[in-house]
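What follows is each chain in one-letter form.
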Amino acid sequence: MATIDDSQGVLVLRIVYDGPAMSGKTTTLRALAEGVSRSVECPEERDGRTIFFDWMDYVGGMYEGRKIRCQTISVPGQKELRQRRRRLLESADAVVCVLDTRREELDFGIEWLRDLVPRCRLEAPPVGIVLQANKRDAKDAVPYVELQRRVGRVAPIAVVETIATTSDGVREGFVFAVRLALDRVRALSAEGRLGRGAPTENDSEALLRSLRTVETKVEPRRASSKPSPPPASDPWSTSARPVSEPPAQAVAGAFPEELVFTPDPHMPGGMIWPPVDGRALLHEVASLEITPSRTARGEWSGAGSGWRVHSGTRALYFDHDDARRHLIEWAQVHSASAAQLSPGRAVILADAGSGRYRLWQLVRVEAALRELLAQVEETAEPTTAAKGLVDVAECLVSARAWFGRAKAHLPCTLWTVAAGRSYRPAFIGLMPDGPTERPPEPQGMSLLERELMPHLRDLRRARVDCAEVIREVVSLGHANARESPARWLADVAARLD
């Protein structure tokens, strides 16, 4: 419901606090209100539980010369009021999901989150979510690492720990939600869909009237089964232009000193792609203290705790507009190749110092086919080892065909293909720098010879029963059609020196 209210000179946002009953939403809102010297309005309570909503109006911060006005509301968590909750969520620009993280309550909370995520993702652009992990002072609160792992299985969502009764962490969660809302506002503005005019629900009384009117006359609208396609003006459109060559001065001469990239979830909007999930990933990585270092070739790389960051030699820009253009082009290529890429990725434009900007890739580390191959090589039983080799070969060939449909050139190697059999293999490597022209890529048996022949030779040196493994590979290949990965691998194995 974001809108620019020119009559008041403000951008109006709605931050919605969601979560199960008794998770701490009202307590959170009251703690937040006390911290910013505001009051909370509650049209109706019953036994201390919110029946319609809690409301807090807050003005603070700036957006393109306008003050930011936040309509901050909480929704009822009772099951019987789910239609009211849905109506309020549909108006959100960002959602703070408050969960009771005591062990006995967490399973229910995670299921609540599973229900919330698709509601927010179906909007176009998606509505950002902050997970407020509440009641962290409880003796049986689930450890943070376990909590983050369980939340990560649902979606890439920023987790903020809070103790609402003492206000600990409450403001941090709210500030992060506002940043997510502003990311969405920028996307709406780019699409020409940012509203203008005073909001129809300009205070708590107007919202209450609106809810009562809707509930007595009209069934709330159902979310579309899929998001509407972005218009042609969308800067993140999947109709990607080729990435142009970075400026020559970015690679010329010696390497001057630069600011070292530090993942910052609070960096300005418009510098992160994807705008919502990307900020959530930055929030997750910020606490890991990953410090990239520069290689002799001028690239920057860093890794740790299941993440890697990278910036190529040519990814340094000397003009903000030029840097933003390349960020958009990178985002377009990522969007157009999203079906082939592994999840957990972001592109960030960071300040490099002295008026320069650098583009970074942030990628979650996934198990690669090479690691699966290592397990195969250690398998004791020759028949099982042979079947494992055939599985790896089939994954490689399948990945080469699937990656070929991407808009970007995606190298197909044992290190860039996710482990495991899948109809749609995932590319887990770094996106190549520079133009998208595709160098020649080997196919079929040529691909398997390039990737697997060195390992077959190593297998011969490492295993006394290598000949038996190879015989099993050849046998499996001959049992398949001639134009099949198993048959190609058998032909490669048969030519082993």
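Before reading on, note that the structure itself is shown above.
As the structure is a computational prediction, the values presented were derived from the model and not from experiment.

J.: Is there a simple way to think about the environment of Leu116 in this case?
T.: Within the secondary structure, Leu116 sits in helix H3 (residues 103-121). On the accessibility criterion, Leu116 (0% relative accessible area) is buried. Leu116 sits 97 residues away from Gly19 along the chain, and the two C-alpha atoms are 9.0 Å apart. Among residues more than four places away in sequence, those in contact with Leu116 are Asp18, Arg85, Leu89, Val95, Cys97 and Ile129.

J.: Can you help me understand the side chain of Arg463 in this one?
T.: Locating Arg463 in the fold gives a position in the loop between helix H11 (444-462) and helix H12 (466-478). Among the residues examined, Arg463 registers a relative accessible area of 11% and is labelled buried. A distance of 2.8 Å separates a polar atom in the side chain of Arg463 from a polar atom in the side chain of Asp465. Residues in contact with Arg463, not counting those within four places in the same chain, are Val376, Glu377, Glu378, Thr379, Ala380, Glu381, Pro382, Ala385 and Val469.

J.: How do you make sense of the pattern of salt bridges when you look at a structure like this?
T.: Tallying each qualifying case throughout the model produces 29 salt bridges. Arg102 is the partner of Asp100 in a salt bridge, and the nearest nitrogen-oxygen pair spans 2.7 Å. With relative accessibility at 7%, the residue Asp100 sits in the buried group. The closest approach of N and O atoms between Arg136 and Glu161, which form a salt bridge, is 3.0 Å. Of this pair, Arg136 sits in the loop between strand S8 (128-134) and helix H4 (144-154) while Glu161 sits in strand S9 (residues 158-161), and the two are 25 residues apart along the sequence.

J.: Is there a simple way to explain the packing of helix H5 (residues 170-190) against helix H7 (residues 277-286) in this structure?
T.: Axis angle and axis distance: for two packed helices, these are the angle between their axes and the distance between the axes, and together they describe the pair. Contact geometry for H5 and H7: axes closest at 10 Å, N-to-C directions at 150°. Considered as vectors, H5 and H7 are oriented roughly antiparallel to each other. Only Arg279, Ala280 and His283 of H7 make contact with H5, whose side of the interface consists of Phe176, Arg179, Leu180 and Asp183. By residue class, the composition of the contact of H5 with H7 is three nonpolar, one polar and three charged.

J.: I would appreciate a short explanation of the side chain of Asp5 in the present structure.
T.: Along the polypeptide, Asp5 turns up in strand S1 (residues 3-5). Here Asp5 occupies a buried position and makes no salt bridge, while the nearest side chain of opposite charge, Arg69, is found at 5.2 Å.

J.: Got a minute to help me understand the pairing of S8 in this structure?
T.: If a strand is regular, its side chains alternate between the two faces of the sheet. Burial within S8 is extensive, with seven of its seven residues counted as buried. Alternating positions in S8 separate into two faces, Gly128, Val130, Gln132 and Asn134 on one and Ile129, Leu131 and Ala133 on the other, with burial throughout. Summarising the sheet, strand S7 (residues 94-100) and S8 pair through seven bridges and their orientation is parallel. Bridge pairing in S8 places Cys97 opposite Leu131. A crossover connection joins S7 to the parallel S8 through H3; in handedness this β-α-β unit is right-handed. Bridge count for S8 against S9 is four bridges, and the pairing is parallel. Following the sheet pairing, Val130 is matched in S9 by Ala158. Crossover S8 to S9 through H4 is right-handed.

The rules behind each value
- Residues numbered from 1 in each chain as written.
- Predicted model: local features only at pLDDT ≥ 70, side-chain atom pairs only at ≥ 80, totals over all residues.
- Heavy atoms only, no water.
- Helix = DSSP H or I, 4+ residues; strand = E, 2+ residues; numbered from the N terminus.
- Buried < 20%, exposed > 50% of the residue type's maximum accessible area, 1.4 Å probe, protein only.
- Contact = heavy atoms within 4.5 Å.
- Polar contact = N/O pair within 3.5 Å; in protein donor to acceptor, adjacent residues only side chain to side chain.
- Salt bridge = Lys/Arg side-chain N within 4 Å of Asp/Glu carboxyl O.
- Axes fitted to C-alpha atoms, helices over the stretch in contact; angles between N-to-C directions.
- Parallel < 35°, antiparallel > 145°, perpendicular 65-115°, else oblique.
- Nonpolar A, V, L, I, M, F, W, Y, C, P; charged D, E, K, R; others polar.
- Lys, Arg positive; Asp, Glu negative; His and termini not counted.
- Pairing = 2+ DSSP bridges.
- Right-handed = clockwise from strand over helix to strand, strands pointing away.

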